[in-house]
Amino acid sequence: MNMESMKETRGDSTAISGAGGSVEVGRPVPEPERGYQFVRESVGIVDRQDLATLKMYGRDPVRMLNGLITNDLLRAEPDRAVYGAVLTPKGRIITDLRVIRASENPPELVMDVPHAGLPAFREHLQKYVPPLFARWGEADIEVIGLYGPRSPEVLEVALGTEV
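Residues numbered from 1 in each chain as written. Predicted model: local features only at pLDDT ≥ 70, side-chain atom pairs only at ≥ 80, totals over all residues. Heavy atoms only, no water.

Undergrad: For this particular structure, what's the right way to read the overall build of the protein chain?
TA: Broken down by element type, the protein chain carries 5 helices and 10 strands. The 163 residues of the protein chain split such that 34% are buried. When the accessible surface of the protein chain is summed, it comes to about 10,000 Å², and 50% of that surface belongs to carbon and sulfur atoms. (Helix = DSSP H or I, 4+ residues; strand = E, 2+ residues; numbered from the N terminus. Buried < 20%, exposed > 50% of the residue type's maximum accessible area, 1.4 Å probe, protein only. Areas by Shrake-Rupley, 256 points an atom, 1.4 Å probe, with all protein chains shown as cover.)

Written out as structure tokens, the structure is:
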């Protein structure tokens, strides 16, 4: 599902459609003040093209990545995102990221990383993740951010399930 397939613009509103029907939200606004007010009162939908997505899979990707990030990935529930930072052995921040345990059997992680930190993160994975335990590569996934009090409503419509 991508941004264009989800929306249909009608006058001063946009219909967001998905598996659960459709919901009307306001149109995108170019003025920052109106956009801020809109997110505070309704929902803002942002195509997060600033993020790259990677996947990690193999024998034990969770344990391999858990040792490289600041949050405890081992305690994360399946299908829940964990936010953390990737650090050098000396504690310098390489990049921040979100990780989702997408599948338990076989184990697979999906990560979103800012494009600015991607080259250093790839180099870090190459250096510290043994291919015997985990492999990683690009994931063909678009990241869309929903912000504001109506976010759950729009997400439920898009996914066709309660969140």
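Undergrad: For this particular structure, what's the right way to read the confidence of the model for the protein chain?
TA: When pLDDT is low, close inspection of the predicted coordinates is not appropriate. Chain-level pLDDT for the protein chain is 84 on average; 82% of the residues reach the 70-or-more range. Low pLDDT (under 50) marks residues 1–11, which in the prediction has 24 contacts with non-local residues, meaning those over four places away or in another chain. (pLDDT = per-residue confidence, 0-100. Contact = heavy atoms within 4.5 Å.)

Undergrad: I tried to follow the side chain of Asp112 on my own but got confused; where do I start?
TA: Its place among the elements puts Asp112 in strand β8 (residues 107–114). Non-local contacts of Asp112, meaning those with residues more than four positions away in its chain, are made with Leu51, Ala52, Thr53, Asp96, Leu97, Arg98 and Val143.

Undergrad: Explain the nonpolar core here, please?
TA: Side chains of nonpolar character tend, in soluble globular proteins, to be buried together. Core analysis: the biggest nonpolar cluster contains 23 residues, and Leu65, Leu73 and Phe121 have the highest contact counts within it. Of all the secondary-structure elements, those providing two or more residues to this core are β5 (51–57), α3 (61–66), β6 (81–87), β7 (93–104), β8 and α4 (118–128). Those residues within four positions of Leu65 in sequence are excluded, and the remaining contacts are Met56, Leu73, Val99, Leu109, Met111, Phe121 and Leu125. (Core = buried A, V, L, I, M, F, W, Y, C linked by side-chain atoms within 4.5 Å.)

Undergrad: Honestly, the pattern of salt bridges in this entry has me stumped. Any pointers?
TA: Pairing between side chains of opposite charge can happen when the charged atoms of each approach one another. Within the structure shown, the criterion is met by 7 salt bridges. Residues Arg48 and Asp50 are paired through a salt bridge, measuring 2.8 Å at the closest nitrogen-oxygen approach. Among the salt bridges present, the one from Arg63 reaches Asp60, with a minimum N-O distance of 3.4 Å. With relative accessibility at 21%, the residue Asp60 sits in the partly exposed group. (Salt bridge = Lys/Arg side-chain N within 4 Å of Asp/Glu carboxyl O.)

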